[in-house]
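# Fold and geometry: a report
Residues per chain, in single letters:
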Amino acid sequence: DWVGGKAGDEEIEVVSKQQGKGLVPNVKGFGATDAVTLLEGMGLKVYLSGLGKVIEQSMPPGRRYRKGERIVLRLN
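Residues numbered from 1 in each chain as written. Predicted model: local features only at pLDDT ≥ 70, side-chain atom pairs only at ≥ 80, totals over all residues. Heavy atoms only, no water.

## Details of the pattern of salt bridges
Under the counting rule described, the total for this entry stands at 2 salt bridges. Ionic pairing is found between Arg63 and Glu69, a salt bridge with its closest N-O pair at 3.1 Å. (Salt bridge = Lys/Arg side-chain N within 4 Å of Asp/Glu carboxyl O.)

This is the structure in C-alpha cells:
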C-alpha cells in the first residue's frame, strides 16, 4: 500500500506509506503496468514473467538499490 487512511471527526487524512528514497518498494498485488511504471521511474530495469498481478519480486522490499539494477516480477 502506498497510502493509508486515518479517520478524524469529519474528515479522512491520507497518510503516505511510501518507503524511503533509494529503497525497493513492495509491489506485490500491483498490476503489471503500475508496478513497471513505478519501478522504471525509480531507475530500475524491470523484467516480467507471466500475466496479471505481481505475486513475487526478485528484490525484497526495503532493500537499497542502484539505478540500472534489474528486478524481475513474477505475475499470476
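## Quick word on the side chain of Gln57
For Gln57, the location among the structural elements is in strand β4 (residues 54-57). In this structure the side chain of Gln57 is engaged in a polar contact, spanning 3.0 Å, whose partner is the backbone oxygen of Pro25. At 2.9 Å, the side chain of Gln57 and the backbone oxygen of Met59 are in polar contact. Apart from the residues within four sequence positions on either side, Gln57 is in contact with Val24, Pro25, Asn26, Val27, Lys28, Ile71, Val72 and Leu73. (Helix = DSSP H or I, 4+ residues; strand = E, 2+ residues; numbered from the N terminus. Polar contact = N/O pair within 3.5 Å; in protein donor to acceptor, adjacent residues only side chain to side chain. Contact = heavy atoms within 4.5 Å.)

## Observations regarding the sheet that holds strand β3 (residues 45-49)
Consider a sheet: its strands pair through backbone hydrogen bonds, and that pairing is either parallel or antiparallel. The strand order across the open sheet formed by 3 strands is β3-β5-β4, and the pairing between neighbours is mixed. Single-partner strands in this sheet number two, and they are β3 and β4. Pairwise comparison of adjacent strand axes, ignoring direction, gives a mean angle of 30° for this sheet. Pairing of β4 with strand β5 (residues 70-75), which is carried by 3 bridges, proceeds in the antiparallel orientation. The residue of β5 that forms the bridge with Glu56 is Arg74. Packed on one face of the sheet, helix α1 (residues 32-41) meets β3, β4 and β5 and runs near 160° to β3. (Pairing = 2+ DSSP bridges. Axes fitted to C-alpha atoms, helices over the stretch in contact; angles between N-to-C directions.)

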